[in-house]
Amino acid sequence: MRSFGYVRATSVEEAAEAFAARPGARYLGGGTNLVDLMKLGVERPDALVDVSRLPLDRVEELPDGSLRVGATVRNSDLAAHPLVRDRYPALSQALLAGASGQLRNAATTGGNLLQRTRCPYFQDLSKPCNKREPGTGCGARDGVHRDHAVLGWSEQCIATHPSDMAVALAALDARVELYGDEGARDVPVAEFHRLPGNHPERETVIRAGELITGVVLPAATGGVPSAYRKARDRASYAFALASVAAVLRVSDGAVAQAGLAFGALAHRPWRAVRAEEALLGGPATTEAFARAVDAELAAARPLRDNAYKVPLARALAVDVLTRLARAGTG
Amino acid sequence: MAPTGTSPGTSLGAPAERREGRLKVTGAARYAAEHPMPGRAHARPVPAAVARGRVTAVDASAALAVPGVLAVLTHENAPRLADPEDATLAVLQDPDVPHRGWFVALVVAETLEAARAGAAAVRVEYAEEAHDVILTADHPRAYEPEDTGSGQPAVREHGHPASAFGSAEVRVDVAYEVPPLHNHPMEPHTSTAHWDRGRKRLTVHTSSQGGTTVRDTLAALFGLPGDRITVVADHVGGGFGSKGTPRPDVVLATMASLHTGRPVTVALPRRFLPAVVGHRAPTLHRIRLGATADGRLTSLTHEVTTHTSRVKEFVEPAAVPARVMYAAPHSRTAHRVVRLDVPTPSWMRAPGEAPGMYALESAVDELATGLGMDPVELRVRNEPAREPDTGKPFSSRHLVECLREGARRFGWAERDPRPRSRAEGPLLIGTGVAAATYPVQVAPSTAEARALPDGSFVVRINATDIGTGARTVLAQVAADSLGVALERVRTEVGSSDLPSAPLAGGSSGTASWGWAVHEACVRLAARLADHAGPPPGTGLSARADTAGQADAESSYARHAFGAHFAEVAVDTVTGEVRVRRMLGVFAAGRILNARTARSQFVGGMTMGLGMALTEGSTMDAAFGDFAESDLASYHVPVNADVPEIEAHWIEEADTHLNPMGSKGIGEIGIVGSAAAVGNAVHHATGVRFREPPLTPDKVLSALAG
């Protein structure tokens with residue numbers, strides 16, 4: 001039997017020290033993904049540093065109007081928070097579109113960002129996977145890959161990031177707060193996850209021992225329309241086939257602010273920078289939205305069995321932007 | 001206990017609550033892995049990591065070095081088994097690997113965790129061979145089987161179907177493809193086996209639909225008289241056919257217990273199920289319907305190509321229901337099968353009928369469209385006077401009544417028949433109909449009824465309650481046969497030490513067991529009538545054996561029928577199809593328990609919804625196994641997918657069935673329901689989809705095209 005150490009941290013500093021003192025340690029949040037992967041033998045930590053009870057369970061408005069979400073805030077609580085529902089509807093919608101009620105009650109904000117791909121080859125030790133075991137190859141490339149990436153994939157890895165929440169955070173310009181040896185720092189959610197390249201085993205820019213302490217959403221006190229939409233195989237408890245989070249502010253018929261991100265298309269939440277550039281200052285019309293989205297998706301390289309994702313993502317994005325524009329002017 | 005059915009003679013049909021309900025919802029009901037006994041060990045199988053080949057070496061040294069590991073069994077050291085009738089049970093007997101996931105070793109350990117770690121440490125080397133796992137309609141190795149394996153001939157032909165089709169005024173010639181499907185019951189397959197000292201007696205707790213078969217199979221495999229084996233299946237967390245026959249878990253647990261002298265539990269992890277406990281084989285259908293301009297079928301051809309494994313032949317009998325449904329003077333129903341390097345398929349709820357009626361009832365809808373005729377009326381017009389294939393009269397057939405009653409309740413008359421005629425913003429709305437059928441099956445059973453001095457009664461029978469409410473309905477049968485109140489009757493089921501009985505399968509359980517229970521109770525009532533005063537100390541008892549009665553050939557064609565109606569909304573933005581409401585009306589003889597029967601119908605309809613929209617297993621051509629191996633990826637419908645679902649029935653008095661007058665109800669709910677949903681999608685979109693499940697990728701592409 002593979003035994004592992006377990007320590008429950010009561011402060012961020014203590015957690016970081018406990019982690020540093022135990023080679024092969026992993027932080028444990030809600031455990032909804034890590035524990036499953038341990039059972040499968042995909043994750044084999046020597047120790048778990050339980051951070052789920054750190055005093056990071058608050059959602060608070062900061063003096064500048066931004067919203068700070070503690071890393072251990074549960075997905076259910078975050079989705080239901082009045083300020084989130086009021087100012088960042090895309091985030092609330094994304095959270096509620098994910099997993100099941102039971103899982104959302106357990107899953108944490110930090111853990112959600114760090115969840116790993118649901119690629120079946122990653123989860124099956126009898127098959128090759130460069131992410132799980134670098135250098136072994138990619139089973140999905142010639143295998144079953146209807147659910148895999150169309151953007152930013154590499155020959156080494158075609159997996160997607162499964163989070164709904166992270167897609168909304170990326171579109172909302174949220175930042176991830178990290179704490180580690182070298183103190184605290186923060187990075188944009190949209191730059192937090194990496195593309196696979198030659199190192200699919202490296203999934204984020206997190207440094208060894210760094211702990212997610214929270215997520216900060218920029219001020220939206222005046223209210224900025226945002227929305228999340230997800231297409232999936234069944235009405236609940238299914239990962240996205242494609243999803244989109246959008247932020248759109250229209251002024252005098254022109255786009256004054258735009259944020260757009262796709263889910264389930266790539267190894268990370270896909271911030272659609274090119275589409276945003278095309279949208280900004282342009283007319284808030286369905287035709288203009290379609291052109292902007294097409295500019296982004298021109299980079300898509302579908303695989304044998306997932307070409308449907310490109311038109312699906314396009315339809316979702318144009319629909320969400322059009323609805324937001326209509327709501328903003330109505 | 002339910003307040004209903006408490007006065008004598010009123011139990012049958014009453015909506016009695018299931019008797020073990022409280023045990024289940026409080027967690028007190030014990031399942032096969034939940035029988036801890038002193039010294040119990042756990043075992044974990046090691047699945048083959050190649051799709052075809054043979055094991056050339058097994059290095060167990062690292063596994064044996066794992067603390068707590070007791071033994072590693074392989075084909076080199078496992079107990080020898082007699083050749084099983086079912087070759088999927090010949091585990092660890094030879095080095096052959098017939099498909100990926102086939103078990104090549106078993107690690108026995110003190111704990112589940114140690115067994116898992118040990119299994120991960122076993123090193124297996126293979127001589128790998130090229131594999132062939134993809135079914136095609138023109139596969140060069142497709143052959144016509146001798147029969148479908150369930151007693152029906154593989155091919156039936158009447159008249160001249162080809163020429164009649166060629167000269168028909170209206171023709172439909174279409175191909176449908178149903179993917180592999182998996183049963184995935186809530187409780188994965190699990191067994192705990194225990195040999196007593198001296199290896200003289202064997203006790204097995206197993207998750208099975210029929211303990212008698214398990215006992216007989218173990219007796220044959222291990223060379224032990226059946227009376228020295230007790231098989232207990234007290235509570236079973238579903239099976240849907242996958243537990244109808246013994247599975248490798250029970251053989252492995254028995255082997256491991258024999259080898260180690262300890263009680264051993266083998267609880268298969270969910271991820272192992274797709275390869276070793278059966279699946280519904282994929283079916284490729286070609287259907288040709290020829291009709292007159294006024295909608296009378298002149299020719300009906302239903303040809304099915306399916307796969308089986310190299311281990312044994314199993315044929316999904318999907319063309320069989322076409323022999324029952326419609327009057328057509330010329331017909332052909334045929335099956336072909338291809339042996340591939342795939343896991344062995346097996347029974348899954350309504351084997352044959354579920355995929356066969358999906359295809360046939362979709363094609364009939366296509367014919368209605370081609371004729372410009374209402375699909376309900378088309379079915380009514382082709383109602384046969386006798387069973388088309390055999391010419392036998394029906395014992396009862398109320399399909400037309402089901403269609404009419406369903407149409408009335410559903411509001412079918414208000415439907416605009418034109419495809420794509422109804423939209424709500426980006427949603428296209430459509431409705432569809434399909435028929436259902438399932439044969440009456442019944443098998444001989446024994447049972448015992450005993451009257452106790454305190455005025456209560458005990459019915460003893462090795463029936464299995466797989467979640468359907470068998471305990472409850474058998475008490476209802478007994479109470480009415482004895483003429484006593486329901487609460488005076490107790491049922492003992494789920495052990496092979498009880499009077500022997502057939503499995504819970506083929507929708508035959510209640511009919512088979514109930515018949516024997518009825519007979520035993522009638523005899524007991526006669527004994528009681530002859531007996532003065534209360535029963536003596538141990539009570540008075542009577543036994544019954546329905547051999548010769550229950551299995552007597554009937555001169556009638558006996559089937560249940562039904563009609564499904566469905567309304568769907570298709571999102572033109574995403575291609576997502578969501579069912580808004582489903583309504584089924586069934587004619588299945590006398591309904592014996594209104595509450596549990598409704599559950600069966602609704603459960604079957606929901607499974608049909610899954611077949612239409614969400615469920616499917618993908619054969620991985622590169623690796624030779626199914627890509628979906630957990631409940632996150634194999635999408636059974638969830639509550640959000642089942643908004644409004646109604647099941648109704650027509651009371652049917654049929655004296656040619658059994659003393660209760662019942663037909664089976666466990667499977668008919670799934671039959672035809674997928675077609676009703678698919679037909680509704682066609683009505684909504686104007687696009688005919690012929691390859692379920694209708695997931696957004698397929699639907700959106702077709703809508704765009």
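Up top you'll find the structure we're talking about.
Since this is a predicted model, take the numbers as computed values, not measurements. (Residues numbered from 1 in each chain as written. Chains lettered and ligands numbered in written order. Predicted model: local features only at pLDDT ≥ 70, side-chain atom pairs only at ≥ 80, totals over all residues.)

Engineer: Give me the overall build of chain A: which residues, what numbers.
Structural biologist: Check the secondary structure of chain A and you find 13 helices and 12 strands. Here the C-alpha radius of gyration of chain A, 19 Å, is about what a compact globule of 330 residues would show, namely 20 Å. Here the C-alpha coordinates of chain A stretch approximately 65 × 50 × 35 Å along the principal axes. Buried residues in chain A amount to 55% of all 330 residues. Taking contacts inside chain A between residues at least 6 apart in sequence as the whole, the part at least 24 apart equals 64%. (Helix = DSSP H or I, 4+ residues; strand = E, 2+ residues; numbered from the N terminus. Rg over C-alpha atoms; globule rule 2.2 N^0.38 Å. Buried ≥ 20, exposed ≤ 12 C-beta atoms within 10 Å, placed from the backbone. Contact = placed C-beta atoms within 7 Å.)

Engineer: Just give me the short version of the packing of helix α13 (residues 594-613) of chain B against helix α14 (residues 673-685) of chain B, but keep the residues and values in it.
Structural biologist: The geometry of a pair of packed helices is captured by two quantities: the angle between their axes and the separation between those axes. All names here are of chain B. It is the contact of α13 with α14, at a shortest axis distance of 7 Å, that shows an interaxial angle of 50 degrees. Between α13 and α14, the angle is such that the two are oblique. Both α13 and α14 take part in a crossing whose hand is right-handed. Within the contact between the two elements, α13 uses Met 605, Gly 608, Leu 609, Met 611, Ala 612 and Leu 613 and α14 uses Ser 673, Ala 674, Val 677 and Gly 678. Within the contact of α13 with α14, the residues separate by chemical class into 7 nonpolar, 3 polar and no charged. (Axes fitted to C-alpha atoms, helices over the stretch in contact; angles between N-to-C directions. Parallel < 35°, antiparallel > 145°, perpendicular 65-115°, else oblique. Left-handed = near helix turned anticlockwise from the far one by under 90°. Nonpolar A, V, L, I, M, F, W, Y, C, P; charged D, E, K, R; others polar.)

Engineer: Explain the sheet that holds strand β9 (residues 226-231) of chain A to me, and be specific about the residues and the numbers.
Structural biologist: Residues and elements named next belong to chain A. Ordered by their spatial adjacency, 4 strands build an open sheet running β9-β10-β11-β12, and the pairing between neighbours is antiparallel. Two strands bound the open sheet, and with one partner strand each, they are β9 and β12 (270-271). Inspection of the sheet shows strand β10 (residues 242-251) paired to strand β11 (residues 254-263) by 9 bridges, in the antiparallel sense. Following the sheet pairing, Val 250 is matched in β11 by Val 255. Running over the sheet, helix α5 (residues 89-97) touches β9 and β10 and is turned about 25 degrees from β9. (Pairing = 2+ DSSP bridges.)

Engineer: Residue-level account of the interface of chain B and chain A, with values.
Structural biologist: Contacts between the two partners involve 34 residues from chain B, matched on the other side by 26 residues from chain A. Listing elements by their share of the side of chain B that touches chain A, those giving two or more residues are α3 (112-121) and α15 (696-704) of chain B. No other element matches α15 of chain B, which puts 5 residues into the side of chain B that touches chain A. For the side of chain B that touches chain A, a count of residues per class yields 17 nonpolar, 11 polar and 6 charged.

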